Amino acid sequence: MLRTEGLTIRFGGLTALNNVNVGIGRGEIRAIIGPNGAGKSTFFNCVTGVLRPTSGRILLNGNDITGQPPNLISRSGVARSYQITNILPNATTLENVRIAAQSRRHGWNMFRHYTEFRDIIDKAQAVLASVGLAGKADELASNLSHGEQRNLEIGIALATEPQLLCLDEPTAGMSAAETHDTMQLVRKISKDLTILIVEHDMQLVMELADRITVFHYGEVLADGPPAEIQSNPRVQEVYLKT
Ligand SMILES: Nc1ncnc2c1ncn2[C@@H]1O[C@H](COP(=O)(O)OP(=O)(O)OP(=O)(O)O)[C@@H](O)[C@H]1O
Ligand SMILES: [Mg+2]
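Note that the coordinates shown come from a computational prediction; the quantities given were computed from them, not determined experimentally. (Residues numbered from 1 in each chain as written. Chains lettered and ligands numbered in written order. Predicted model: local features only at pLDDT ≥ 70, side-chain atom pairs only at ≥ 80, totals over all residues. Heavy atoms only, no water.)

A.B. asks: I tried to follow the packing of helix H4 (residues 118-130) against helix H5 (residues 146-159) on my own but got confused; where do I start?
C.D. replies: For any two helices packed against each other, the geometry comes down to the angle between their axes and how far apart the axes lie. Between H4 and H5, the shortest axis-to-axis distance is 9 Å and the interhelical angle comes to 140 degrees. Taken together, the axes of H4 and H5 lie oblique to each other. As H4 packs across H5, the resulting crossing turns out to be right-handed. For the pair H4 and H5, the contacting residues are Lys123, Val127, Leu128 and Ser130 in the first and Leu152, Gly155, Leu158 and Ala159 in the second. Partitioning the contact of H4 with H5 into residue classes produces five nonpolar, two polar and one charged. (Axes fitted to C-alpha atoms, helices over the stretch in contact; angles between N-to-C directions. Helix = DSSP H or I, 4+ residues; strand = E, 2+ residues; numbered from the N terminus. Parallel < 35°, antiparallel > 145°, perpendicular 65-115°, else oblique. Left-handed = near helix turned anticlockwise from the far one by under 90°. Contact = heavy atoms within 4.5 Å. Nonpolar A, V, L, I, M, F, W, Y, C, P; charged D, E, K, R; others polar.)

A.B. asks: Just to check I follow, could you spell out the sheet that holds strand E2 (residues 14-24) for this structure?
C.D. replies: Strand pairing within a sheet occurs via backbone hydrogen bonds; the two strands may be parallel or antiparallel. Pairing within the open sheet is antiparallel, and its four strands lie in the order E2-E1-E4-E5. Strands at the two margins of the open sheet, each flanked by one partner only, are E2 and strand E5 (63-64). Pairing geometry for strand E4 (residues 55-60) and E5, over two bridges, is antiparallel. By the bridge assignment, Leu59 is partnered in E5 with Asp64. Set on the sheet, helix H1 (residues 40-47) makes contact with strand E1 (2-11), E2 and E4; between it and E1 the angle comes to about 115 degrees. (Pairing = 2+ DSSP bridges.)

A.B. asks: How do you make sense of the pattern of salt bridges when you look at a structure like this?
C.D. replies: Opposite charge on two side chains makes pairing possible when the charged atoms of those side chains draw close. In total, this model carries 10 salt bridges according to the counting rule given. Members of the salt-bridge network, linked through shared partners, are Arg3, Glu5, Arg57 and Asp64. (Salt bridge = Lys/Arg side-chain N within 4 Å of Asp/Glu carboxyl O.)

A.B. asks: Is there a simple way to think about the packing of aromatic side chains in this case?
C.D. replies: To describe a pair of aromatic rings, you give the distance between the ring centres and the angle between the ring planes. The final tally for this structure, using the stated rule, is one aromatic pair. Geometrically, the ring pair formed by Phe43 and Phe215 is edge-to-face, given 5.4 Å between the ring centres and 75 degrees between the ring planes. Here Phe43 is found in helix H1, whereas its partner Phe215 is found in strand E9 (residues 211-216), with 172 residues between them in sequence. For Phe43, a relative accessible area of 0% corresponds to the buried category. Its relative accessible area of 0% is what places Phe215 among the buried residues. (Phe/Tyr/Trp six-rings, centres within 6.5 Å; stacked < 30°, edge-to-face > 60°. Buried < 20%, exposed > 50% of the residue type's maximum accessible area, 1.4 Å probe, protein only.)

A.B. asks: What is the right way to read the site of ligand 1 from this model?
C.D. replies: As a structural note, the neighbourhood of ligand 1 is formed by 14 residues, with Asn36, Gly37, Lys40, Ser41 and Thr42 the closest of them. In the environment of ligand 1, an oxygen atom lies 2.9 Å from a nitrogen or oxygen atom belonging to the backbone of Ser41. Residue Thr42 places a side-chain N or O atom 2.5 Å away from an oxygen atom belonging to ligand 1. Contributing elements (two or more residues each) for the shell around ligand 1: E2 and H1. With three residues, the single largest contributor to the shell around ligand 1 is H1. Here the residues of the shell around ligand 1 sort into five nonpolar, seven polar and two charged. (Near = heavy atom within 4 Å. Polar contact = N/O pair within 3.5 Å; in protein donor to acceptor, adjacent residues only side chain to side chain.)

What follows is the structure, given as structure tokens:
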């Protein structure tokens, strides 16, 4: 579904990604791990069009999407959540999801009131239920707990009806219980989606992912099933022991 070929990006003298070749199959849960500054978020930024690579190609279902703007890539079916929460705090939980759903189904239409779009509200409510926030629909997003806000962010991404969902540290700052719930949530939504997830907790990654790609200084250090990654001596050296 997603393939990068020789993906490279430089920021001045810093090569943040260097000749990255990664292939992700449809329906897979792929984890990306690696030390701080390894290039994980930069990889997401390239795939979602936030950053334009210096060289190399990104193919989605065989189509070259390299350098396309984020809105086009989103329309091609790629959604993401950010490492830092990216919700509208002064809108309700439902509105946050509804706006994302509407941008996909009807585009922006300032002249029709949103309550006309019954299908959008139904969609938004279904999404809220799927991320465990049905009971918080009318709550201001700013009143949600940190964990609920992170799950809302997954809901906002889901509302755009993606084929590929990129989650950048979705459990960052969560309690152990919230982390557990979010991982259950990711596993549940993965049934209909391909998921790319950056996650620091090794235990969680090993349980969740079909395959793991290890980044190190902007390069792919290893790529394989969890058991293989866990026993890879180079991975243990640079990552698991730190
Ligand atoms: N827009 C940018 N301009 C300049 N340098 C950048 C930019 N984005 C990232 N970098 C640098 O590229 C490198 C990779 O950063 P990136 O955020 O991708 O790492 P990461 O693997 O996501 O790390 P973390 O685990 O801390 O989130 C870092 O050295 C970072 O400082
Ligand atoms: Mg990052």
